[in-house]
Amino acid sequence: MIRIETIADVRQLVREARQSGKTIGFVPTMGYLHEGHLTLVEAAKRACDFVVVSIFVNPLQFGPNEDLEKYPRNIERDSNLLSETGHADVLFNPSVDEMYPMPMATSIDLPELGAQLCGRTRLTHFKGVATVVNKLFNIVQPDFAFFGQKDGQQVAIIKRMVKDLSMPTEIIVVPTVRESSGLAKSSRNIYLSPEEREHATILHQSLMWAKEQIERGERSGLALAQGIRERIEADPLAKLDYAEVVSLDTLLPMTHLQGPIMMAVAVYFGKARLIDNFQLNI
Ligand code: AMP
């Protein structure tokens with residue numbers, strides 16, 4: 001695995017790989033890697049000949065009162081983990097100056113999709129995400145890019161951006177990797193105390209309760225959302241941000257469930273804001 005920090009170096013390595021007939025896979029991350037990230041990298045290596053992983057904590061996607069400064073970082077640990085897997089060919093770890101040598105005058109915004117769910121509390125988050133993913137795609141020019149289903153709204157937004165802008169990259173979605181307790185793996189789980197970590201299983205549990213209700217014939221999105229809310233609010237350590245049942249196409253709440261849907265939750269436990277979702281086609 002080659003570790004590089006400049007856009008010019010990525011371009012050079014990708015150009016060489018492409019010239020020798022290799023397909024290019026790309027896994028964008030913010031680092032502090034866990035099994036969820038490594039599963040994406042493994043999926044990329046299975047599908048592609050040459051895999052680029054980026055680690056970049058993107059300031060554009062953090063709001064003024066969010067955890068940009070405190071976001072966990074450990075590039076040496078990440079680099080070792082990645083090279084041990086043997087699945088990454090390049091680790092691209094640019095500085096903020098390399099990515100944004102001057103203030104950005106350009107952005108990619110999907111205001112309708114970006115305003116729902118997490119967008120209500122994280123006002124410019126998805127504009128920052130779409131902009132950096134677009135920029136990273138322009139740098140790496142991947143055939144395939146790999147994203148985790150855990151960030152369900154992010155996936156919906158990236159897929160739509162690629163479609164709207166006819167970008168030549170195929171988006172592959174990888175199922176959420178969980179602890180044995182059901183808690184979705186996340187770099188932000190490090191903020192949880194052992195007690196909070198136990199209680200945080202309520203995200204997955206409440207979604208599984210809703211899945212069961214659907215299997216039993218429930219089709220009211222409002223009733224399901226209410227049931228999820230009640231279960232989370234009954235936990236003494238949980239502070240609910242939202243629990244919604246939405247159309248996967250529009251991310252708007254659905255009253256009668258039909259077609260592709262997503263049940264999505266965001267919950268604070270102490271300093272950590274955790275998200276999870278469950279998707280299905282009805
Ligand atoms: P992040 O570093 O949090 O920006 O995540 C980078 C990529 O890893 C995103 O596509 C995430 O959706 C994905 N990811 C994060 N956690 C998980 C998980 N538990 N399972 C699968 N993918 C994940």
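Structure: above.
Cut-off values and rules
Residues numbered from 1 in each chain as written. Predicted model: local features only at pLDDT ≥ 70, side-chain atom pairs only at ≥ 80, totals over all residues. Heavy atoms only, no water. Pairing = 2+ DSSP bridges. Helix = DSSP H or I, 4+ residues; strand = E, 2+ residues; numbered from the N terminus. Axes fitted to C-alpha atoms, helices over the stretch in contact; angles between N-to-C directions. Contact = heavy atoms within 4.5 Å. 1 Å grid on protein atoms, 1.4 Å probe; cavity = no way out; pocket = protein on both sides within 12 Å on 5 of 7 lines; lining within 4 Å. Points joined across faces, edges and corners; volume = space filled by probe spheres on them. Buried < 20%, exposed > 50% of the residue type's maximum accessible area, 1.4 Å probe, protein only. Salt bridge = Lys/Arg side-chain N within 4 Å of Asp/Glu carboxyl O.

(A) Structural context of the sheet that holds strand β7 (residues 238-247). Taken together, the 3 strands give an open sheet; going across it, the order is β7-β8-β9, and neighbouring strands pair in antiparallel fashion. Lying at the two open borders of the sheet, with one neighbouring strand each, are β7 and β9 (272-281). Looking at each pair of strands side by side, their axes are set apart by 10° on average, direction ignored. Across the sheet, helix α10 (residues 221-233) is in contact with β7 and β8 (260-269); its angle to β7 comes to roughly 165°.

(B) Looking closely at the layout of surface pockets. The volume enclosed by the second largest pocket comes to roughly 290 Å³. Around the second largest pocket, the lining residues are Leu113, Gln149, Gly152, Val155, Ala156, Lys159, Arg160, Lys163, Val173, Leu248, Asp249 and Gln279. By residue number, the principal contributor to the lining of the second largest pocket is helix α7 (residues 152-164), which donates 6 residues.

(C) Spatial organisation of unusual backbone geometry. With phi around 45°, Leu117 is a residue other than glycine that occupies positive phi space. In this structure, Leu117 sits in the loop between α5 (111-115) and α6 (125-140). Given the relative accessible area of 1%, Leu117 is considered buried. Of note in the backbone geometry, Gln141 takes a positive phi value of approximately 50° without being a glycine.

(D) Local environment of the sheet that holds strand β6 (residues 170-174). Spatial ordering of the open sheet is given by β1-β4-β3-β2-β5-β6, a layout of 6 strands whose pairing is parallel. A single partner strand is all that each edge strand has here, and the edge strands are β1 (2-4) and β6. Direction aside, neighbouring strands of the sheet carry axes that sit 25° apart on average. Sheet strands touched by helix α2 (residues 35-47): β2 (24-29), β3 (50-55), β5 (144-148) and β6. Its angle to β5, the strand with the most contacts, is close to 155°.

(E) Seen up close, the environment of Met167. Secondary-structure assignment places Met167 in the loop between α7 and β6. Between the C-alpha atom of Met167 and that of Phe137, which follows or precedes it by 30 residues, the distance is 8.8 Å. With residues near it in sequence (within four places) discarded, Met167 still touches Asn134, Phe137, Met161 and Val162.

(F) Geometry of the pattern of salt bridges. A complete count under the given rule lists 15 salt bridges for this structure. With a closest N to O distance of 3.4 Å, Arg18 and Asp143 form a salt bridge. You can see Arg18 sitting in helix α1 (residues 7-19) and its partner Asp143 sitting in the loop between α6 and β5, a full 125 residues away along the chain. Classification of Arg18 by relative accessible area gives partly exposed; the value is 35%. Of the residues examined, Asp143 reaches a relative accessible area of 22% and is grouped as partly exposed.

Worth remembering: the numbers are spatial, not functional.
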